[in-house]
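Tertiary structure, described
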Amino acid sequence: MKTSFIALFITAASFTANVRAGDRVYTADQTSNTVSVIDPATNKLLGSIHLGDDVPVALSPLYRGELLVHGLGFSPDHKTLNVISIGSNSVTLIDTETNTVKGKIYVGRSPHEGFFRPDGSELWVAVRGENYISVIDPLQKKEVRRIETANGPGMVLFRPDGKYAFVPSSFTPEMDVIDTKTYKVVARVPQASPFSPNLAVDQHEVWFTLKDSGKTQIVSASPPFHSLATLETGPITNHVTFVDNAVGHFAYVTVGGKDEVLVYSRDVGSETKLVATIKTGDLPHGIWGSGDGSRVYVGLENGDAVQAINTLTNEFVATIPVGQLPQALVYVPNAAATEKGTANLKPLGTAAEALHIELAPPTPGGSVAHASVSINSLGLIDHLQIAATGLEPGKKYRLILVGGTEPQALVVFTAGIGGTAIAQTLGPLKRVIAPSQTVPAMKLEVRSNESGDGDLILEQATAAASATSQ
């Protein structure tokens with residue numbers, strides 16, 4: 001079934017009975033270097049935890065803050081949030097009651113995601129820029145061992161009984177299974193394509209997403225860890241989460257290139273079926289279910305917002321603004337002892353200032369290509385991210401500004417094996433793209449080939465929309 005965008009206007013108060021005071025939803029905001037904190041009982045943003053500064057300050061050789069805040073996990077007692085920052089190679093431990101940093105550990109190149117063992121004794125971090133899991137003692141706040149994996153481990157999650165850890169790769173078509181007692185890789189499961197950023201695990205199954213090929217692969221969580229199915233989920237398949245509620249057992253998958261969340265049935269012994277397609281806002285990325293399974297929360301990477309979905313009806317109950325380019329998202333039950341729980345949180349500030357633009361083919365119906373653009377304020381300059389689908393795999397494209405005396409090239413990118421691409425650039429972009437009373441706004445185009453004088457593939461289809469209009 002399809003869920004219309006009209007559902008966005010359903011009031012949050014209509015679905016709060018099963019969410020407890022003290023529960024929290026967190027997003028890792030990559031461009032603003034913040035962690036946004038949401039109260040799901042009211043579906044309101046409480047504030048943000050600022051872990052770093054804006055570019056260009058963050059690029060200084062003397063900079064000591066965090067850069068590219070990206071991954072999230074939490075301890076079994078729900079009192080510690082671990083935050084992974086790709087650019088500063090760090091793991092930040094945050095007290096969920098006080099919203100303060102209680103420790104920081106530096107690991108290898110470009111870590112991506114990390115999670116605690118079910119007994120809380122260790123924090124395992126996937127160091128994606130290298131070929132190992134960094135095992136951290138959370139009390140001593142230091143790395144105590146490394147577990148070698150396939151190159152580019154993207155994420156690590158444990159089977160609920162703690163016996164095995166599952167590690168898909170973002171560079172190698174292989175998911176590794178680690179025996180947590182021996183710290184050895186005991187199985188290497190072929191991935192349908194090389195780039196997996198995310199997975200979900202229970203006692204029976206492992207689901208991992210394949211962002212490059214637009215697939216989701218299902219593997220048995222028990223030896224010999226054989227592959228059960230590979231689903232065609234769609235371009236820029238991002239994250240997956242499991243939800244168990246009164247209706248059944250489900251997997252929710254975010255498909256960024258189609259602005260959709262796909263809902264699959266996953267009852268043991270039954271065939272996996274697509275049971276719902278939910279239209280979302282711009283570029284859904286992180287997703288996590290509430291403790292009681294009554295909701296899922298979805299981060300909109302190019303929408304700078306989170307959407308809450310009632311899992312019994314698969315309709316929206318709220319849209320909540322957060323920091324810039326939210327990546328990972330987690331729901332942590334009983335994270336705070338008090339209902340208010342706003343100590344040490346700060347307002348978003350300039351992180352709330354953004355433009356959102358859609359790019360479409362110049363001739364309607366002539367192409368399946370599409371792109372969304374988010375332009376976030378970094379104070380003195382702006383950060384632009386384009387997410388494009390329907391392109392020719394392996395071909396180069398150029399994003400340019402037109403409307404001035406001559407076109408201005410912004411960034412060159414190459415479409416991946418699924419015909420998708422995500423690229424970023426920096427510059428004083430909002431002031432030249434946003435409408436002005438004195439200076440005509442310039443517009444964005446995507447053209448084929450690296451020189452920028454090729455065919456027009458996409459052009460700005462809508463006027464720039466501010467974040468406040470979302």
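Located above this text is the structure these notes cover.
Below, the structure is looked at part by part. (Residues numbered from 1 in each chain as written. Predicted model: local features only at pLDDT ≥ 70, side-chain atom pairs only at ≥ 80, totals over all residues. Heavy atoms only, no water.)

**Concerning the packing of aromatic side chains**
By convention here, two paired aromatic rings are described through the distance between centres and the angle between planes. The final tally for this structure, using the stated rule, is 11 aromatic pairs. When the ring of Phe166 is compared with that of Phe225, the centres are 6.0 Å apart and the planes differ by 75 degrees; the resulting orientation is edge-to-face. Of the two residues, Phe166 sits in strand 14 (residues 164-167) while Phe225 sits in the loop between strand 19 (215-220) and strand 20 (227-232), which places them 59 residues apart along the sequence. Here Phe166 falls in the buried class, since its relative accessible area comes to 0%. Taken together, the aromatic side chains of Phe74, Phe115 and Trp288 make up a single cluster linked through ring pairs. Stacked on the ring of Tyr183, the Lys or Arg Arg145 has its end atom at 3.7 Å from the ring centre. One Lys or Arg, Arg266, reaches over the ring of Phe242 and ends 3.6 Å from the middle of that ring. (Phe/Tyr/Trp six-rings, centres within 6.5 Å; stacked < 30°, edge-to-face > 60°. Helix = DSSP H or I, 4+ residues; strand = E, 2+ residues; numbered from the N terminus. Buried < 20%, exposed > 50% of the residue type's maximum accessible area, 1.4 Å probe, protein only. Lys NZ or Arg CZ within 6 Å of the ring centre and 35° of its normal.)

**As for the nonpolar core**
Grouped together as the largest cluster of nonpolar side chains are 34 residues, with contacts concentrated most on Tyr26, Leu81 and Phe166. Apart from residues no more than four positions distant in its own chain, Tyr26 is found in contact with Val35, Ser36, Val37, Leu72, Leu81, Thr96, Ala328, Leu329, Val330, Val332 and Ala335. The next biggest cluster of nonpolar side chains, apart from the first, holds 28 residues, and it includes Leu399, Ala421, Ala423 and Ile433. (Core = buried A, V, L, I, M, F, W, Y, C linked by side-chain atoms within 4.5 Å. Contact = heavy atoms within 4.5 Å.)

**Some words on the pattern of salt bridges**
A complete count under the given rule lists 12 salt bridges for this structure. Linking Arg24 and Asp39 is a salt bridge whose minimum nitrogen-to-oxygen distance equals 3.8 Å. With Arg24 in strand 2 (residues 24-29) and Asp39 in strand 3 (residues 34-39), this pair connects stretches of sequence that are 15 residues apart. With respect to burial, Arg24 and Asp39 carry one shared label: buried. With a shortest N-O distance of 3.1 Å, Glu445 and Arg447 are connected by a salt bridge. (Salt bridge = Lys/Arg side-chain N within 4 Å of Asp/Glu carboxyl O.)

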